[in-house]
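Remarks on the overall topology
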Amino acid sequence: MSLPHAILTALLEKPSSGLELTRRFDRSIGFFWSATHQQIYRELGKLEQAGLIRALPSQAPARGQKKEYEVLSAGRAELAEWTRRAEDPKPIRSALLLRLRAAAVVGTEGLEDELRRHLELHRAQLDDYLGMEERQFPPERDTEADRLRHLVLRGGIELERFWVKWLTDALDGLPQASPGPPATDGQAAGS
């Protein structure tokens, strides 16, 4: 249920059209809660139907005109209630971690390249986040809202630092490529 809440948050920050929301997701919210253009438009329709948002009146005819949405009081109340709800952490789902587990039984051939690729991606993301932090959170930006937004970004920075360190350690500890463990009774070497 988090995508509707991400949209409500974005619209409370600034009334927007679906296209503007998509762009904002690409630049900020999407770093920790991604959504496609289609998903955003579908969710906007559901939120409007539920009476949580409304399309702002437009001077131009509606056909072909982008709708700009704002959050209604029921939407603000829903978002406030959602922020107070208890929610357990979700288990990590990582194809990379699963690949390492699989490499334990089939061998590590080709794994080093994938780990290096991930390391470079995480280093690049860390650099992006650090640049965003420098641009968006100078010392004079110290309102409660700014501090909360900065905490979200700091969470992303720390996660990227974790991945950079973990991947560096994984590469340092990775055994040289091996064809995999020998087949045991009842196992064919290629199965």
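For the structure, see preceding data.
Residues numbered from 1 in each chain as written. Predicted model: local features only at pLDDT ≥ 70, side-chain atom pairs only at ≥ 80, totals over all residues. Heavy atoms only, no water.

1. A short note on the layout of surface pockets
- Quantified by volume, the largest pocket comes out at close to 1,900 Å³.
- As for the largest pocket, its lining consists of 41 residues, of which Ser28, Ile29, Phe32, Trp33 and Val152 are closest to the centre.
- Residue assignment for the lining of the largest pocket shows that the elements contributing at least two residues are α1 (2-13), α2 (18-27), α4 (73-84), α6 (111-136) and α7 (144-173).
- With eleven residues, the single largest contributor to the lining of the largest pocket is α7. (1 Å grid on protein atoms, 1.4 Å probe; cavity = no way out; pocket = protein on both sides within 12 Å on 5 of 7 lines; lining within 4 Å. Points joined across faces, edges and corners; volume = space filled by probe spheres on them. Helix = DSSP H or I, 4+ residues; strand = E, 2+ residues; numbered from the N terminus.)

2. Structural notes on the nonpolar core
- One finds Ile7, Leu11, Phe25, Leu44 and Ile53 to be the most contacted residues of the largest nonpolar core, which totals 18 residues.
- Residue assignment for this core shows that the elements contributing at least two residues are α1, α2, α3 (37-49) and β3 (68-71).
- Ranked by the residues each element gives to this core, the list is headed by α1, at six residues.
- The residues touching Ile53, leaving out its near neighbours within four places in the chain, are Leu8, Leu11, Leu44, Leu47, Glu48, Tyr69, Glu70, Val71 and Leu72.
- With 17 residues, the next largest nonpolar core counts Ala103, Val164, Leu171 and Leu174 among its residues. (Core = buried A, V, L, I, M, F, W, Y, C linked by side-chain atoms within 4.5 Å. Buried < 20%, exposed > 50% of the residue type's maximum accessible area, 1.4 Å probe, protein only. Contact = heavy atoms within 4.5 Å.)

3. Considerations on the sheet that holds strand β2 (residues 53-55)
- With antiparallel pairing, three strands are arranged side by side in an open sheet as β1-β3-β2. Sheet topology places β1 (16-17) and β2 at the edges, where each strand pairs with a single neighbour.
- Seen against the sheet, α3 touches β2 and β3 and runs at an angle of roughly 105 degrees to β2. (Pairing = 2+ DSSP bridges. Axes fitted to C-alpha atoms, helices over the stretch in contact; angles between N-to-C directions.)

4. Examining the packing of aromatic side chains
- In this structure the tally under the stated criterion is two aromatic pairs.
- Consider the rings of Phe162 and Trp163, whose centres lie 5.2 Å apart with planes at 70 degrees: the pair is edge-to-face.
- Between Trp163 and Trp166, the ring centres sit 5.6 Å apart and the planes meet at 85 degrees, which makes this aromatic pair edge-to-face. Of the two residues, Trp163 and Trp166 both sit in helix α7, three residues apart, roughly one turn of that helix.
- The exposure class assigned to Trp166 is partly exposed, which follows from its relative accessible area of 24%.
- An aromatic cluster is built from Phe162, Trp163 and Trp166, whose rings are joined through pairwise contacts. (Phe/Tyr/Trp six-rings, centres within 6.5 Å; stacked < 30°, edge-to-face > 60°.)

5. Remarks on α7
- A rise of 1.5 Å per residue sets the reference length of α7, with its 30 residues, at 44 Å; its end C-alpha atoms lie 43 Å apart and thus fit the reference within 8%.
- Every buried residue of α7 is accounted for by Asp146, Leu153, Gly156, Ile157, Glu160, Trp163, Val164, Leu167, Ala170 and Leu171.
- The inward-facing, buried residues of α7 contact α5 (95-106) and α6. (Expected span 1.5 Å × (residues − 1).)

6. Concerning the pattern of salt bridges
- All chains considered together, the criterion is met by 14 salt bridges.
- Between Glu78 and Arg85 there is a salt bridge, with the nearest N and O atoms lying 3.1 Å from each other.
- Overall, Arg85 belongs to the partly exposed group, its relative accessible area being 39%.
- Across the salt bridge formed by Glu158 and Arg161, the nearest N and O atoms sit 3.0 Å from each other. (Salt bridge = Lys/Arg side-chain N within 4 Å of Asp/Glu carboxyl O.)

7. Side note on the packing of α1 against α2
- Packing of α1 against α2 brings their axes to within 11 Å, and their N-to-C directions diverge by 105 degrees. In terms of their interaxial angle, α1 and α2 are classed as roughly perpendicular. Facing α1, whose interface residues are Leu3, Ala6, Ile7, Ala10, Leu11 and Glu13, α2 presents Leu21, Arg24 and Phe25.
- A class-by-class count of the residues in the contact of α1 with α2 yields seven nonpolar, no polar and two charged. (Parallel < 35°, antiparallel > 145°, perpendicular 65-115°, else oblique. Nonpolar A, V, L, I, M, F, W, Y, C, P; charged D, E, K, R; others polar.)

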